[in-house]
Amino acid sequence: MSQSSAGPETPENAAQGDAARVTVVMPTYNEAANLPRMAEAVLALPLPALQLKIVDDSSPDGTGELADELAEKYNTAGERPRMTVLHRTEKDGLGRAYVAGMSAALEEDAEFVVQMDADGSHPVEAVVRMLAAARAEDAGLVVGSRYVEGGQLDEEWGRHRVLLSRFANAYARAVLGSDIRDITAGYNLWSAATLRDLDLATLDSAGYSFQVELKYKATRAGHRAVEVPIRFEERTEGASKMTLRTQLESALVPLRLRMRGDH
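Bear in mind the structure is a predicted one, so any value in this text is a computation, not a measurement.

A. Expanded view of the overall build of the protein. From N to C terminus, the protein includes nine helices and ten strands. Out of the 263 residues in the protein, the part that is buried amounts to 52%. Look at the contacts in the protein between residues 6 or more apart in sequence, and 82% of them connect residues 24 or more apart. Accessible surface, the protein: about 11900 Å² in total, of which carbon and sulfur atoms supply 52%.

B. Quick look at the packing of helix H2 (residues 35–43) against helix H3 (residues 63–74). Interaxial distance between H2 and H3 falls to 10 Å at its minimum, and their mutual angle equals 35°. Judged by the sense of rotation from one axis to the other, the crossing of H2 with H3 is right-handed. Here H2 contributes Leu35, Pro36, Ala39, Glu40 and Leu43 to the contact with H3, which in turn contributes Thr63, Leu66, Ala67, Leu70 and Tyr74. Taken together, the residues that form the contact of H2 with H3 break down as eight nonpolar, one polar and one charged.

C. Up close: the pairing of strand S5 (residues 112–115). Burial along S5 is two-sided: Phe112 and Val114 facing one way and Val113 and Gln115 facing the other are all buried. Pairing of strand S2 (residues 22–28) with S5, which is carried by four bridges, proceeds in the parallel orientation. In the strand pairing of S5, Val22 is matched with Phe112. The sheet contact formed by S5 and strand S8 (residues 188–191) spans four bridges and is antiparallel. Its bridge partner being in S8, Val114 is matched across the sheet by Leu189.

D. Expanded view of the nonpolar core. Formed by 39 residues in total, the largest nonpolar core has its most connected members in Met26, Leu52, Met83, Met116 and Val142. If you list the elements that add at least two residues to this core, you get S2, H2, strand S3 (51–56), H3, S5, helix H5 (126–137) and strand S9 (225–229). At seven residues, H5 tops the list of elements feeding residues into this core. If sequence neighbours within four positions are ignored, Met116 has contacts with Val24, Val25, Met26, Pro27, Met38, Val42, Tyr98, His122, Val124, Val127, Gly186 and Tyr187.

E. Seen up close, the pattern of salt bridges. Summed over all chains, the structure comprises nine salt bridges. The residue Lys53 makes a salt bridge to Glu108 at a minimum N-O spacing of 3.1 Å. Of the two residues, Lys53 sits in strand S3 while Glu108 sits in the loop between helix H4 (94–107) and S5, which places them 55 residues apart along the sequence. Its salt-bridge partner being Arg224, residue Glu137 comes within 2.8 Å of it at the nearest N-O pair. Here Glu137, found in helix H5, pairs with Arg224, found in the loop between helix H8 (210–220) and S9; they are 87 residues apart in sequence, far enough to count as distant. Taken together, the shared-partner salt bridges connect Arg21, Asp109 and Glu111 into one network.

F. Structural view of unusual backbone geometry. For Asn30, which is not glycine, the phi dihedral falls at a positive 55°. Relative to the helices and strands, Asn30 is located in the loop between S2 and H2. Note on Asn30: relative accessible area 30%, which makes it partly exposed. Although it is not a glycine, Asp109 adopts a positive phi angle of roughly 70°. Within the secondary structure, Asp109 is located in the loop between H4 and S5.

G. Up close: the environment of Thr28. Counting through the fold element by element, Thr28 comes out in strand S2. Thr28 gets classed as buried once you look at its relative accessible area, which sits at 3%. When the C-alpha positions of Thr28 and Gly64 are compared, they lie 8.1 Å apart, and in sequence the two are 36 residues distant. With residues up to four places along the chain from it excluded, the contact list for Thr28 reads Ile54, Val55, Asp56, Asp57, Ser59, Thr63 and Ala118. One polar contact links Thr28 to Asp56, side chain to side chain, over a distance of 2.7 Å.

H. The packing of aromatic side chains, seen in detail. One pass over the full model with this rule turns up two aromatic pairs. Both rings, one in Phe167 and one in Tyr171, keep their centres 6.2 Å apart while their planes meet at 20°; by these two values the pair is stacked. Highlighted residues: Phe167 and Tyr171, both in helix H6 (residues 159–176), separated by four residues, approximately one helical turn. Accessibility expressed as a relative area gives 55% for Phe167, which makes it exposed. A cation sits over an aromatic face here: Lys91 above Tyr29, 4.9 Å from the ring centre. We note Arg146 situated over the ring of Phe232; from NZ or CZ to the ring centre the distance is 5.4 Å.

Calculation notes
Residues numbered from 1 in each chain as written. Predicted model: local features only at pLDDT ≥ 70, side-chain atom pairs only at ≥ 80, totals over all residues. Heavy atoms only, no water. Helix = DSSP H or I, 4+ residues; strand = E, 2+ residues; numbered from the N terminus. Buried < 20%, exposed > 50% of the residue type's maximum accessible area, 1.4 Å probe, protein only. Contact = heavy atoms within 4.5 Å. Areas by Shrake-Rupley, 256 points an atom, 1.4 Å probe, with all protein chains shown as cover. Axes fitted to C-alpha atoms, helices over the stretch in contact; angles between N-to-C directions. Left-handed = near helix turned anticlockwise from the far one by under 90°. Nonpolar A, V, L, I, M, F, W, Y, C, P; charged D, E, K, R; others polar. Pairing = 2+ DSSP bridges. Core = buried A, V, L, I, M, F, W, Y, C linked by side-chain atoms within 4.5 Å. Salt bridge = Lys/Arg side-chain N within 4 Å of Asp/Glu carboxyl O. Polar contact = N/O pair within 3.5 Å; in protein donor to acceptor, adjacent residues only side chain to side chain. Phe/Tyr/Trp six-rings, centres within 6.5 Å; stacked < 30°, edge-to-face > 60°. Lys NZ or Arg CZ within 6 Å of the ring centre and 35° of its normal.

Now the structure itself:
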């Protein structure tokens, strides 16, 4: 197991990732106000083999239908789709949505899979830096990190939210003995080989604690993790999906993983 932080790459290094088959997996639930802008930004990245995969949990605000319309707009008949939509019939947690989307990306022969929020909090342009870091560092996991040197949280976050975020991150790291500075981060790039080795179907976490469980199991299995600094923004539109239930799960999962010694 090895972790390190990686700073911004040069344009020359970033260009090396142009031909990579990268799939950005983006779970959605009531994100119709954010999705058009996010899809446009992701598909404008200088990565011609990149695909955006929306995983919608039957959003009542019409996000799924809007995603289908955007896919029709961006796709060209006879060519590999630039945008695909996976419709799920129930809302049973962020972790389950990610497992569905990431599993589909692996079946479609992605080389790298990116986890990204649909609310605009993750800087889309950082995908290029994360891909460059994965190649330069031969890493199975690259974390878009708020807590390495150069990482930032939006100033609009109140003191309470900042303290809660930092505490949750420090708590999970301490319980699991992890060197990853931002183990709770939701913005991550994975190599396909690492995800296949971890067997996504065996993961337990349904909610946000999926982020911690997957990183912990990856590093326990010997996969190299690096972190690149990002600026985490306040969501552009809509409301947070964090509930009391997901907060409780996030507190219990590190303890369960430590007691079982999962890897």
